[in-house]
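Structural features, examined
This is what each chain is made of:
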Amino acid sequence: MISVVFTMSLAVIGMLILAPLMHRLPRYAVVALGVPVGAAAYILAGLGLLTFGVRFATARALLLSALLGLGLAIAASIRSSGSRDHPSGREIVDTTVLGCLLIGSIATFFQLVPLTRLNTDSYLYLTAAETLERTGSLATIDPLIVRMRLIGAPFLHTIGSVSGLGYSPSITPVIGASAFFVMGWICCEAFEKLATPRRWRLALVVTALLTLLASNRLVFHLFYVNGHLVFATLLLAGLGLAWLGAIERRTAFLVPAGIAFGALAVVRPESSLTVAVFLIPFLVPGRADRAGLVALIAPFVAAVIMWNGLVYPPHAVPGELGLLGPVRGPLFAAAAICGALVVGGLRVSTPLLERAPQLALGAAVAFVVASTLFRPHILFRTINATAVNLLSAGMWGALWLTLIPLVALAAWGARFPLQRLWIEPLVLFGVMFFVFAFLRGSPYRIGWSDSGSRMLMHVAFVATTYVVISMASLIRPSVGDEEITVDLTEVEAMGAPPDPAEATAHQSPVLG
């Protein structure tokens, strides 16, 4: 049962990190966010150990991440004295204990009724995990495994080496369960801000959940030892927290969001570029204050520097050290985001930053067009394989055939505060999906096990959440609805950017 204790420990760490928000979030949200945020802190702690040459051990990484969470919780408790804006020490303890017991119960179920799914890739992750725990370093791990699998998912299964089972039967499904509750919480927050009538709220959320659970591959990923579900959950948690933090101008939201984005940098080979895609829209002036931006971006930049600048290069082969290779490519992405943050306060940079998402999209499209001139077979075969996978071979069912049109319609007709923080990265990711095929040097294949098909999992929860919020924004409250409790002008004042296009969007009659 040591795996259960490990999962509970991650939940406790995450809830401690979220302590400054316990006065603001419902308890179920704190518990749901606790597991992914705790897992992210643990991954960053493990990366820190490798960076500074300290022998990795599961217990050591847990202790390091626990110290971070405890520090934030103590700071929140101290600030709470005589203030209603911060949780009391008792509130922190009560929520953490209750959440720990709940997560422990769920983890115990999956420990006793193992539903884990494995394939060849899974064993590569587990081999890396066992080696990490046994040797405390990457020195004896096959460089190909390090390059293709990274260390995020292996870190979460090092407990398997301690327990003797070889993997954790509970960590993946518990993270998956948390993703559904995190999605529900984000949607509920949006319902409140949009004054969505209560009779529609449950219908929207249940429809979204059933749509996801009707997909064969999505359910498969809930029990699959790989990095895709971890990526999807951390991305959803990070974006949801950051979106609310930008609307409410609360840095406390952006601290755990930044931790989630930072851990993503070492979960998948394309992680750094994907995270950059989701961070770029926050750089537009007016969408977040500078203190919040630092909290959001710093963990990601630090993680990229540690992994791509210090830990990974000694294990790379010469062919990987090119300008756009897996070593330097992410460093350039992190440097660009960091540079945009540094010069963000200069008036001369404002016009460029206001168009940062559009410039990034243009650069991605230009890369695809230029690459197609030299290697057209990659694009054409990728398009064919992706189409077949979406229709049948990928075993996604009707999920993407439903989501893609709905996302497009929502982008065209729906309006809600800081909507662009959702739709801009989703559109950019759609183009980057083809960029990744060129960067890896070969087209995607037909079949559910193809990496392109599996990468769709990364944005499944984000795309679904965006569609639900968009639908909620289109449901106009009637005069007699008791649910009209939020003045949207207040929401706009807190988070609306100065750019005229978005100002017009927030004044849409759809929003009342």
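Look above for the structure.
Described in the following lines is the structure provided in the data block.

Basis of the calculations
Residues numbered from 1 in each chain as written. Predicted model: local features only at pLDDT ≥ 70, side-chain atom pairs only at ≥ 80, totals over all residues. Heavy atoms only, no water. Helix = DSSP H or I, 4+ residues; strand = E, 2+ residues; numbered from the N terminus. Expected span 1.5 Å × (residues − 1). Bend = angle between axes of the 7 residues up to and from the residue. Polar contact = N/O pair within 3.5 Å; in protein donor to acceptor, adjacent residues only side chain to side chain. Axes fitted to C-alpha atoms, helices over the stretch in contact; angles between N-to-C directions. Parallel < 35°, antiparallel > 145°, perpendicular 65-115°, else oblique. Left-handed = near helix turned anticlockwise from the far one by under 90°. Contact = heavy atoms within 4.5 Å. Phe/Tyr/Trp six-rings, centres within 6.5 Å; stacked < 30°, edge-to-face > 60°. Buried < 20%, exposed > 50% of the residue type's maximum accessible area, 1.4 Å probe, protein only. Lys NZ or Arg CZ within 6 Å of the ring centre and 35° of its normal. Core = buried A, V, L, I, M, F, W, Y, C linked by side-chain atoms within 4.5 Å. Salt bridge = Lys/Arg side-chain N within 4 Å of Asp/Glu carboxyl O.

Counted at 1.5 Å a residue, the expected span for helix H14 (residues 290–311) with its 22 residues is 32 Å, and the 29 Å between its end C-alpha atoms agrees. At Ile297, H14 shows its largest kink, close to 35°, and the proline Pro299 lies no more than four residues downstream. Between a side-chain oxygen at the N-terminus of H14 and the backbone nitrogen of Ala291 the separation is 3.3 Å; the capping residue is Asp289.

Where helix H11 (residues 228–248) contacts helix H12 (residues 251–264), the axes come no closer than 8 Å and their chain directions differ by 150°. Taken together, the axes of H11 and H12 are roughly antiparallel relative to one another. Here the hand of the crossing between H11 and H12 comes out left-handed. Residues Phe231, Leu234, Leu235, Gly238, Leu239, Leu241, Ala242, Leu244, Gly245 and Glu248 of H11 lie in contact with H12, whose contacting residues are Phe253, Leu254, Pro256, Ala257, Ala260, Phe261, Ala263 and Leu264.

Within this structure, the stated rule accounts for 16 aromatic pairs. Centre to centre, the rings of Phe109 and Phe110 are 5.2 Å apart; their planes meet at 80°, and the pair counts as edge-to-face. Overall, Phe110 belongs to the buried group, its relative accessible area being 12%. Ring centres of Trp307 and Tyr312 lie 5.5 Å apart, and the angle between their planes is 5°; on these two criteria the pair is classed as stacked. Site record: aromatic cluster; members linked through ring pairs are Phe6, Tyr42, Phe56 and Phe155. The ring of Tyr125 is capped by Arg149, whose NZ or CZ atom sits 6.0 Å from the centre of that ring.

In this fold, Arg287 is placed in the loop between helix H13 (271–279) and H14. For Arg287, a relative accessible area of 1% gives the class buried. Reaching out from Arg287, the side chain makes a polar contact with the side chain of Glu424 at a distance of 2.9 Å.

Right, let's get into the nonpolar core. In summary, soluble globular proteins display a tendency toward joint burial of nonpolar side chains. Counting 169 residues, the largest nonpolar core has Trp185, Trp243, Phe261, Trp307, Trp400 and Phe461 as its most contacted members. Ranked by the residues each element gives to this core, the list is headed by helix H2 (residues 27–51), at 17 residues.

Time to look at the pattern of salt bridges. Under the counting rule described, the total for this entry stands at 12 salt bridges. Between Arg201 and Glu192 there is a salt bridge, with the nearest N and O atoms lying 2.6 Å from each other. Looking at Glu192, the relative accessible area reads 30%, which means it is partly exposed. Residue Arg250 is joined to Glu248 by a salt bridge in which the shortest nitrogen-to-oxygen separation is 3.2 Å. On the basis of relative accessible area, Glu248 is assigned to the buried category, the value being 11%. Among the charged side chains, a network of salt bridges with common partners joins Arg24, Glu189, Lys193, Glu248 and Arg250.

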